[in-house]
Amino acid sequence: MRVIIQDDYARMSQWTANYIAARINQFKPTADKPFVLGLPTGSSPLGTYKKLIELHQQGRLSFAHVVTFNMDEYIGIPKAHPESYYSFMWNNFFSHIDIPEKNVHILNGNASDLEAECAQYEQAIQDFGGIDLFLGGIGPDGHLAFNEPFSSLKSKTRVKTLATDTIIANSRFFGNDLSLVPKTALTVGIETVMAAHEVVVVVSGHNKARAVRHAIEEPINHIWTISALQMHPKGIIVCDEEATDELKHGTYKYFKYIEQDNLDPKSLI
């Protein structure tokens, strides 16, 4: 596992956007061989999306031959609802880049057969040859996508009941009214994410520091589902200084030292 520690959220977002852009450009995607990108929602990736948009606007990055698969979607709210993840992605990212609409894949939380929807989603990922890079964020309890604590580390795309902590955290998007927050969602599984060729997780803020400690220093377990990243051959956590607050001093120094001479991905775009 690599751990990239940046000074603040802005620099964390810039590093991550540069890394993703470099990977896409190195891949040299075509219509017959697109780059397959897994994407999250939430506040953590917003800065990365903003920087990716800027790189596109500068003519340094195209999404014309990129295919995306989002991590999750609420069950039971319309696609047009301002807090659906469909709306989130189009408002904050897809509408600002050159990605063809047919290349965007987001789970349908209103499908008549939710289990079939999940199975089809997994199959679609396989049909594209798997995900080349999965970008993710985590909650304070270490959940990745909507794989809440105690989720199976072998899980695939499925229906998931949301934990109370997640519902409370997400209520800020619903006028702080808990009754308006969906209680279930469709989500990719931990195994779905871990099957990607690369996984990059962005983490910001002191409230995520405990999750970062469990991700890096503690044993792999299904309570902190982000800990599964320890098993990935190409897993990266990109975090700001505040998110490292609970790491041991030696752990912090190790990753700061080992990454100090690595090039900023910007030089590879």
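The shown structure was predicted, so the numbers you read here are calculated from the model rather than taken from an experiment. (Residues numbered from 1 in each chain as written. Predicted model: local features only at pLDDT ≥ 70, side-chain atom pairs only at ≥ 80, totals over all residues. Heavy atoms only, no water.)

**Some thoughts on the environment of lysine 160**
Turning to its location among the elements, lysine 160 is positioned in strand E7 (residues 158–161). Leaving out residues up to four positions away in the same chain, lysine 160 has contacts with Phe146, Glu148, Ser151, Lys183, Thr184, Ala185 and Thr187. (Helix = DSSP H or I, 4+ residues; strand = E, 2+ residues; numbered from the N terminus. Contact = heavy atoms within 4.5 Å.)

**A short note on the packing of aromatic side chains**
Following the criterion strictly, the structure yields 14 aromatic pairs and no others. Residues phenylalanine 93 and phenylalanine 94 carry aromatic rings whose centres are separated by 5.6 Å and whose planes lie at 35° to one another, so their mutual orientation is tilted. Taken together, the ring pairs in this structure connect Tyr49, Phe63, Tyr86, Trp90, Phe93 and Phe94 into an aromatic cluster. Across from the ring centre of phenylalanine 27, 5.2 Å away, lies the NZ or CZ of lysine 33, which sits over that ring. Stacked on the ring of tyrosine 86, the Lys or Arg lysine 79 has its end atom at 4.5 Å from the ring centre. (Phe/Tyr/Trp six-rings, centres within 6.5 Å; stacked < 30°, edge-to-face > 60°. Lys NZ or Arg CZ within 6 Å of the ring centre and 35° of its normal.)

**Describing helix H2 (residues 46–57)**
Taking 1.5 Å of rise per residue, 12 residues should cover 16 Å, and H2 covers 17 Å from first to last C-alpha, within 8% of that figure. Among all positions of H2, only Gly47, Thr48, Tyr49, Leu52, Ile53, Leu55 and His56 are buried. Packing partners of the buried residues in H2 comprise helix H1 (9–27), strand E2 (35–39), helix H3 (85–92), strand E6 (133–137) and strand E9 (198–203). Directly beyond the C-terminal end of H2, a positive phi value near 80° is found at glycine 59. (Expected span 1.5 Å × (residues − 1). Buried < 20%, exposed > 50% of the residue type's maximum accessible area, 1.4 Å probe, protein only.)

**Considerations on helix H4 (residues 114–127)**
For H4, with 14 residues, the first-to-last C-alpha span of 20 Å sits near the 20 Å given by 1.5 Å per residue. Listed as buried for H4 are Glu117, Cys118, Tyr121, Glu122, Ala124 and Ile125. With its buried residues spanning 160° around the axis, H4 presents them on a single face. In H4, the exposed residues that point more than 90 degrees away from the buried face are Glu115, Gln120 and Asp127. Buried residues along H4 sit against strand E3 (66–70), strand E5 (104–105), E7, strand E8 (184–187) and helix H6 (190–194). Capping of H4 at its N-terminal end is provided by aspartate 113; its side-chain oxygen lies 3.2 Å from the backbone amide nitrogen of glutamate 115. (Arc of directions from axis to C-beta. Polar contact = N/O pair within 3.5 Å; in protein donor to acceptor, adjacent residues only side chain to side chain.)

These results come straight from atomic positions and should not be treated as a statement about function.
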